[in-house]
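Now for the letters of each chain:
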Amino acid sequence: AERLGRWVGRRLAFVLGVLFAVLRRAFTLPSRRGPPILESLARQLPRHGFQVLFGLARGAGFHDPDRFRTAFPWIESVEIDGRSGTREGRLRDLRRVLRQVRPEVVLVSRLFDALHAVSERKLAGEDYRLAVTVLGNEAEYVVDLVRYAPFVDLCVTDGRLTAALVRHFAGLAAERVATVPG
């Protein structure tokens, strides 16, 4: 939270993914690891001045935001429609949500298409900060990170080995990689 606060000059922030004083909006997308990490973030980040808004993916057969909302009714959320089953459909709705929420910080956890959507906004000159999580030695997420590394402001890992992998393969500078032991 301290590093994030320095990014936004203690203004408003937005989180998209798992992880985040006065802020405009914070927005996050839950991970498959489930609520303990997310619940902790949703409780802790407001203590540092962040408004947390979770982006909940809805799929045709999986990813049911209603289950999350039932378990955590106190966490503010917005739905991301992925029921088209296509990457373009997911990107279209991510773009819609980004326009609607207008975040300053986006934290992405395990939602690859969000990296693309936020990177597009940064290329278009919008002032987003992009944070991403890589948990464990998940090779596929390191590969995603390599592709979008030029747009990533912060990568949060859950261990020193994963942090070393991210720095080595994605070429992120040490100050752009944080480790939160899990």
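Thresholds, definitions, all that
- Residues numbered from 1 in each chain as written.
- Predicted model: local features only at pLDDT ≥ 70, side-chain atom pairs only at ≥ 80, totals over all residues.
- Heavy atoms only, no water.
- Axes fitted to C-alpha atoms, helices over the stretch in contact; angles between N-to-C directions.
- Helix = DSSP H or I, 4+ residues; strand = E, 2+ residues; numbered from the N terminus.
- Parallel < 35°, antiparallel > 145°, perpendicular 65-115°, else oblique.
- Left-handed = near helix turned anticlockwise from the far one by under 90°.
- Contact = heavy atoms within 4.5 Å.
- Buried < 20%, exposed > 50% of the residue type's maximum accessible area, 1.4 Å probe, protein only.
- Right-handed = clockwise from strand over helix to strand, strands pointing away.
- Pairing = 2+ DSSP bridges.
- Salt bridge = Lys/Arg side-chain N within 4 Å of Asp/Glu carboxyl O.

Undergrad: Report on the packing of helix α4 (residues 87-101) against helix α5 (residues 112-123), specifying residues and quantitative values.
TA: α5 packs onto α4 with a crossing angle of 55 degrees between their chain directions and a minimal axis gap of 9 Å. One finds that α4 runs oblique with respect to α5. For the crossing formed where α4 meets α5, the hand is right-handed. Here Arg87, Arg90, Leu91, Leu94, Arg95 and Leu98 of α4 lie close against α5, whose contacting residues are Phe112, Asp113, Ala114, His116, Ala117, Val118, Glu120 and Arg121.

Undergrad: Go over the pairing of strand β5 (residues 129-134), please, and point to the residues and values.
TA: Of all six residues making up β5, five are buried, and the element is well covered by its neighbours. Assessed by its sense of winding, the connection that carries the chain from strand β4 (residues 105-108) through α5 to β5 is right-handed. Bridge analysis of β5 against strand β6 (residues 154-157) gives four bridges, and the strand direction is parallel. When the bridges of β6 are listed, Val134 appears paired with Thr157.

Undergrad: Just give me the short version of the pattern of salt bridges, but keep the residues and values in it.
TA: Within this structure, the stated rule accounts for 13 salt bridges. For Arg87, the salt bridge goes to Asp113, with nearest N and O atoms at 2.9 Å. Here Asp113 lies in helix α5 and Arg87 lies in helix α4, a separation of 26 residues in the sequence. A single network of salt bridges, built from pairs that share partners, joins Arg58, Asp64, Asp66, Arg69 and Glu79.

Undergrad: Hey, could you go over unusual backbone geometry for me, with residue numbers and the actual values?
TA: Positive phi, normally seen in glycine, also occurs at Arg102, with a value near 50 degrees. With respect to the helices and strands, the residue Arg102 is situated in the loop between α4 and β4.

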